[in-house]
Amino acid sequence: MRAAVYQSFSGPITIKNVPQPTPPPTGVVIQVMATGVCRSDWHGWKGHDSDIKKHGLPFIPGHEVSGIIVSVDTTMVTKFKVGDRVAVPFILSCGQCCMCADASSRHNNGYDRPTICENQEQPGFTMMGSFAEYVALPRADRNLSIIPQNVSFVEAAALGCRFTTAYRAVVQQGGLVSNSNSNSSSVMSVAIFGCGGLGLSCVMIAAAYGAKEIIAIDVSDQALDKAKEVGATNTINARTEDAQQRVMEMTNGMGVDLSIDAAGFKATCEGAIHCARRGGRMVQVGLPIGGQNPTVPMGMVAGKELEIVGSHGCAAADMPGLLELVQSGRLDPKKLVEREVSLEEGVKALMDMDHGSPIGMVMITQFADVPHSRY
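Residues numbered from 1 in each chain as written. Predicted model: local features only at pLDDT ≥ 70, side-chain atom pairs only at ≥ 80, totals over all residues. Heavy atoms only, no water.

**Quick notes on the environment of I217**
- Here I217 lies in strand β11 (residues 213–218).
- Owing to a relative accessible area of 3%, I217 belongs among the buried residues under this scheme.
- Placed 55 residues apart in sequence, I217 and A272 show a C-alpha to C-alpha distance of 9.8 Å.
- Those residues in contact with I217 that lie beyond four places of it in its chain are A191, I192, F193, G194, C195, L224, I236, A238, A243 and V247. (Helix = DSSP H or I, 4+ residues; strand = E, 2+ residues; numbered from the N terminus. Buried < 20%, exposed > 50% of the residue type's maximum accessible area, 1.4 Å probe, protein only. Contact = heavy atoms within 4.5 Å.)

**Topic: the nonpolar core**
- Core analysis: the biggest nonpolar cluster contains 57 residues, and F163, I205, I260 and L331 have the highest contact counts within it.
- The element best represented in this core is helix α4 (residues 153–172), accounting for 12 residues.
- Each residue touching F163, except ones within four places of it in the same chain, is listed here: A158, S201, M204, I205, L331, P333, L336 and M361.
- One finds A3, I13, I52 and L137 within the second-largest nonpolar core, a separate group that totals 43 residues. (Core = buried A, V, L, I, M, F, W, Y, C linked by side-chain atoms within 4.5 Å.)

**Here's the deal with a nonpolar patch on the surface**
- On the surface, a nonpolar cluster with roughly 260 Å² of combined accessible area is contributed by V296, M298 and I308.
- Here V296 lies in the loop between β14 (276–284) and α9 (298–303). (Patch = residues over 30% accessible without salt bridge, like charges linked within 9 Å, V, L, I, M, F, W, Y side chains within 5 Å. Areas by Shrake-Rupley, 256 points an atom, 1.4 Å probe, with all protein chains shown as cover. Salt bridge = Lys/Arg side-chain N within 4 Å of Asp/Glu carboxyl O.)

**Section: the sheet that holds β11**
- If you walk across this open sheet you meet the six strands as β12-β11-β10-β13-β14-β15, and the pairing is parallel. Each edge of the open sheet is held by one strand with a lone partner, namely β12 (234–237) and β15 (307–310). If you compare each strand with its neighbour and ignore which way they point, the axes differ by 20 degrees on average.
- Across five bridges, strand β10 (residues 189–193) lies against β11 in parallel orientation. Looking at the pairing, A191 lines up with I215 of β11.
- Against the sheet, helix α7 (residues 243–250) touches β10, β11, β12 and β13 (256–261), its axis set at about 160 degrees to β12. (Pairing = 2+ DSSP bridges. Axes fitted to C-alpha atoms, helices over the stretch in contact; angles between N-to-C directions.)

**Quick notes on the packing of aromatic side chains**
- Here the structure, examined in full by the defined rule, presents three aromatic pairs.
- On the numbers, 6.3 Å between centres and 50 degrees between planes, the contact of Y6 with F9 is tilted.
- By relative accessible area, Y6 is classed as buried at 0%.
- Under the relative-accessibility criterion, F9 is labelled partly exposed at 28%.
- Plain terms: the ring middles of Y6 and F59 are 6.1 Å apart, the flat faces sit at 55 degrees to each other, and that makes the pair tilted. Of the two residues, Y6 sits in strand β1 (residues 2–6) while F59 sits in the loop between α2 (50–55) and β4 (64–72), which places them 53 residues apart along the sequence.
- In this structure an aromatic cluster arises from ring pairing among Y6, F9 and F59.
- Lying over the aromatic face of W42, R39 brings its terminal NZ or CZ to 4.4 Å of the ring centre. (Phe/Tyr/Trp six-rings, centres within 6.5 Å; stacked < 30°, edge-to-face > 60°. Lys NZ or Arg CZ within 6 Å of the ring centre and 35° of its normal.)

**Description of helix α6 (residues 221–230)**
- All of the buried residues in α6 are A223, L224, K226, A227 and V230. Angular distribution of buried residues about the axis of α6 spans 155 degrees; they occupy a single face of the element. Residues of α6 that are exposed and point more than 90 degrees away from the buried face comprise D221, Q222, D225 and E229.
- Packing partners of the buried residues in α6 comprise α5 (197–208), β11 and β12.
- Measuring from the side-chain oxygen of the N-cap residue of α6 to the backbone nitrogen of Q222 gives 3.3 Å; that N-cap residue is S220. (Arc of directions from axis to C-beta. Polar contact = N/O pair within 3.5 Å; in protein donor to acceptor, adjacent residues only side chain to side chain.)

If you want it as structure tokens, here you go:
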């Protein structure tokens with residue numbers, strides 16, 4: 001099969017013919033129909049990811065993926081068959097460790113937190129990824145989801161990392177849960193620091209779940225224009241404005257109910273903390289980058305009773321609900337898909353992240369000489 005392979009960190013990524021994988025125990029092999037080019041793949045290629053270092057090189061990147069099952073471990077996989085269209089979360093939890101165990105079995109140390117599974121697998125990080133015609137995926141019954149017929153492969157792949165991660169950060173960890181009785185939300189105002197792919201996904205999830213005020217903060221006018229297009233009610237360019245002061249002005253001096261750092265920089269983390277209202281919540285979902293640790297004002301955290309919460313990925317059990325959100329039209333991931341490209345063009349897009357990230361998603365949909373059908 002054709003796959004994008006790098007032999008050294010920051011080295012060339014080339015298209016090679018490599019052996020097609022076979023189903024792992026409990027797993028399947030899928031023909032990749034769509035896979036996103038994500039900043040996390042760039043970090044992996046640059047040598048910033050410990051899991052890839054542990055796995056060793058050569059390596060195939062890619063973790064935002066959907067496709068068609070072509071082979072199955074028939075002795076252990078019971079929920080899926082050849083021909084099924086499936087969506088894949090980037091965290092493939094084990095179901096065996098105490099973090100995965102149901103919280104009802106707390107007396108047996110069950111926490112029901114598969115997003116922090118002690119033995120998680122991740123395509124493109126702990127195992128070969130999806131910049132290839134085929135990819136092997138373990139733990140299929142626990143982690144894969146059937147794609148509804150009116151949801152495309154591109155939409156399903158877009159959910160695999162950025163939108164699922166945004167969903168957990170905004171809705172589950174952030175507390176933006178709609179009240180079914182009043183059709184209102186327990187969180188009314190949200191500030192999102194960083195409008196890359198993850199931040200824009202957070203904007204769209206917040207809008208889909210009924211946030212009344214969504215303030216997007218970035219240093220790029222182009223990114224802020226996109227944020228406005230997909231649901232932000234207000235935008236702030238932190239390069240030219242004092243973000244904290246502007247947030248306070250927009251919220252009558254209160255600050256926001258929920259503040260999210262979706263970028264991972266020192267400035268975005270600190271800004272998100274300072275913009276939360278008294279008794280508010282700050283969610284750290286952007287992975288720290290840049291080598292500078294933020295200064296966390298713990299006196300203010302205590303005095304204002306702020307909650308600072310981490311967020312990582314999303315549980316596979318939540319994927320069907322997100323697919324239904326797309327199916328119903330409440331969430332449209334295609335709004336963030338900038339372009340669909342070939343495997344060669346996807347490799348170039350990944351390496352071009354040396355000079356910055358695109359505003360929208362780049363989605364690889366052509367892997368062989370003949371393009372795949374995306375539907």
